[in-house]
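Structural characterization, general
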Amino acid sequence: DAGITQSPRHKVTETGTPVTLRCHQTENHRYMYWYRQDPGHGLRLIHYSYGVKDTDKGEVSDGYSVSRSKTEDFLLTLESATSSQTSVYFCAIRGVGQGYEQYFGPGTRLTVT
Amino acid sequence: GQQLNQSPQSMFIQEGEDVSMNCTSSSIFNTWLWYKQDPGEGPVLLIALYKAGELTSNGRLTAQFGITRKDSFLNISASIPSDVGIYFCAGLMNTGNQFYFGTGTSLTVIP
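What comes next concerns the included structure. (Residues numbered from 1 in each chain as written. Chains lettered and ligands numbered in written order. Predicted model: local features only at pLDDT ≥ 70, side-chain atom pairs only at ≥ 80, totals over all residues. Heavy atoms only, no water.)

1. Examining the sheet that holds strand β7 (residues 61-65) of chain B
Residues and elements named next belong to chain B. Spatial strand order, β1-β3-β8-β7-β6: five strands in an open sheet with antiparallel pairing. With partners counted over all chains shown, the strands left at the sheet margins are β1 (5-7) and β6 (55-58), one partner each. For this sheet, the mean angle separating the axes of adjacent strands, direction not counted, is 15°. Here β1 pairs with strand β3 (residues 19-24) via three bridges, running antiparallel. Its bridge partner being in β3, S7 is matched across the sheet by N22. (Pairing = 2+ DSSP bridges. Helix = DSSP H or I, 4+ residues; strand = E, 2+ residues; numbered from the N terminus. Axes fitted to C-alpha atoms, helices over the stretch in contact; angles between N-to-C directions.)

Here is the structure:
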């Protein structure tokens, strides 16, 4: 257990509405990541953060923004949700063990109708 | 973006059999990770590998970091029903902060 929680765990929203997903960690890890997981595509990186207020885009960042104002929280925002953003979203942290293990949160299932 | 080639895509085996799966890339990685994911859950880290040629075990699971640094292998010995799930690999390049993932191997164990 890497001390990662995600909220909400499930959400249904309508097209065009803003949505914010929260990732919270308790172990002060520097790196945090947001992924989406879709059938046939595996895990794809949306955005990641390498410190407070330091973020970078991943391969599927269009339509998403992130913020990290505190070490423990990494927020993912869909400014105007679309049906193509229906997915399972996972937050992850990068550990500081011998190497670079990555640990995942339990996920948020988002449905955009 | 970079995607790792993972095979096989699915496996149906009898309980007690051994399982092998692999992950290949056109790029060199300096870290390989193996995960298991159950339905409705987040991926759980099984094994982490950091050196070419490294062989690491976790119970009945054994993983190897390929000597070319472009591949990795996972073996499960004496499979049991709770091994059912999706297994996938992830790699990290020396120069980056991004992990790249395989599309997974779905394992079914028949009692």
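What follows picks up the thread again.
2. Points about the nonpolar core
All names here are of chain B. Counting residues in each nonpolar core, the largest one holds 22 residues, and the members touching the most others are W32, W34, L74 and L107. Mapped by element, the contributors of at least two residues to this core are β2 (10-14), β3, β4 (31-37), β5 (44-49), β7, β8 (71-76), β9 (85-92) and β11 (105-110). What L107 contacts, discounting residues up to four positions off in sequence, is M11, I13, V19, I76, D83, V84, G85 and Y87. (Core = buried A, V, L, I, M, F, W, Y, C linked by side-chain atoms within 4.5 Å. Buried < 20%, exposed > 50% of the residue type's maximum accessible area, 1.4 Å probe, protein only. Contact = heavy atoms within 4.5 Å.)

3. Structural notes on the packing of aromatic side chains
Residues and elements named next belong to chain A. According to the stated counting rule, one finds 14 aromatic pairs over all chains in the structure shown. Both rings, one in Y33 and one in Y35, keep their centres 6.1 Å apart while their planes meet at 15°; by these two values the pair is stacked. Judged by its relative accessible area of 0%, Y33 falls in the buried class. When its relative accessible area of 0% is taken as the criterion, Y35 is described as buried. (Phe/Tyr/Trp six-rings, centres within 6.5 Å; stacked < 30°, edge-to-face > 60°.)

4. Some thoughts on the pattern of salt bridges
A pair can form between side chains of opposite charge whenever their charged atoms are brought close. Under the counting rule described, the total for this entry stands at six salt bridges over all chains. Across the pair D38(A) and R36(A) runs a salt bridge, and its minimum N-O distance is 2.8 Å. Taking the relative accessible area as the measure of exposure, D38(A) reaches 12% and is therefore buried. Across the pair K36(B) and D38(B) runs a salt bridge whose closest N-O atoms are separated by 2.6 Å. Each member of the salt-bridge network shares a partner with another, and the members are R22(A), K70(A) and D73(A). (Salt bridge = Lys/Arg side-chain N within 4 Å of Asp/Glu carboxyl O.)

5. Some points on the state of the cysteines
This model, assessed by the stated rule, comprises two disulfides over all chains. Between the sulfur of C23(A) and that of C91(A) lies a disulfide, 1.9 Å long from S to S. Its S-S torsion of approximately -70° makes the covalent link between C23(A) and C91(A) left-handed. Of the two residues, C23(A) sits in strand β3 (residues 19-25) while C91(A) sits in strand β9 (residues 87-94), which places them 68 residues apart along the sequence. Grouping residues by exposure puts C23(A) and C91(A) together as buried. Bridging C23(B) to C89(B), the disulfide has an S-S length of 1.6 Å. Here C23(B), found in strand β3, pairs with C89(B), found in strand β9; they are 66 residues apart in sequence, far enough to count as distant. The same class applies to C23(B) as to C89(B), namely buried. (Disulfide = S-S within 2.5 Å.)

6. Let's talk about the environment of M11(B)
Looking at the secondary structure, you find M11(B) in strand β2. Those residues within four positions of M11(B) in sequence are excluded, and the remaining contacts are V19(B), S20(B), T105(B), S106(B), L107(B) and T108(B).

7. Some words on the sheet that holds strand β1 (residues 4-7) of chain A
Residues and elements named next belong to chain A. Spatially, β1-β3-β8-β7 is the arrangement adopted by the four strands of the open sheet, whose pairing is antiparallel. Of all the strands in the sheet, the pair left with one neighbour each is β1 and β7 (64-70). With strand direction ignored, the average angle separating the axes of adjacent strands in the sheet is 20°. Inspection of the sheet shows β3 paired to strand β8 (residues 73-78) by six bridges, in the antiparallel sense. Within β8, the position partnered with R22 by the bridge is L75.

8. Remarks on the interface of chain B and chain A
Facing the 20 residues of chain B at the interface are 22 residues of chain A. The contact between chain B and chain A buries some 1700 Å² in all, and 55% of this surface belongs to carbon and sulfur atoms. When the area that chain B buries against chain A is broken down by residue, the three leading residues are Y50(B), N97(B) and F99(B), summing to 32%. On the surface where chain B and chain A come into contact, there are six residue pairs in polar contact (both at pLDDT 80 or more). For the side of chain B that touches chain A, the secondary structure elements donating two or more residues are β4, β5, β9 and β10 (99-101) of chain B. Partitioning the side of chain B that touches chain A into residue classes produces ten nonpolar, nine polar and one charged. (Buried area = accessible area lost by both parts, 1.4 Å probe. Polar contact = N/O pair within 3.5 Å; in protein donor to acceptor, adjacent residues only side chain to side chain. Nonpolar A, V, L, I, M, F, W, Y, C, P; charged D, E, K, R; others polar.)

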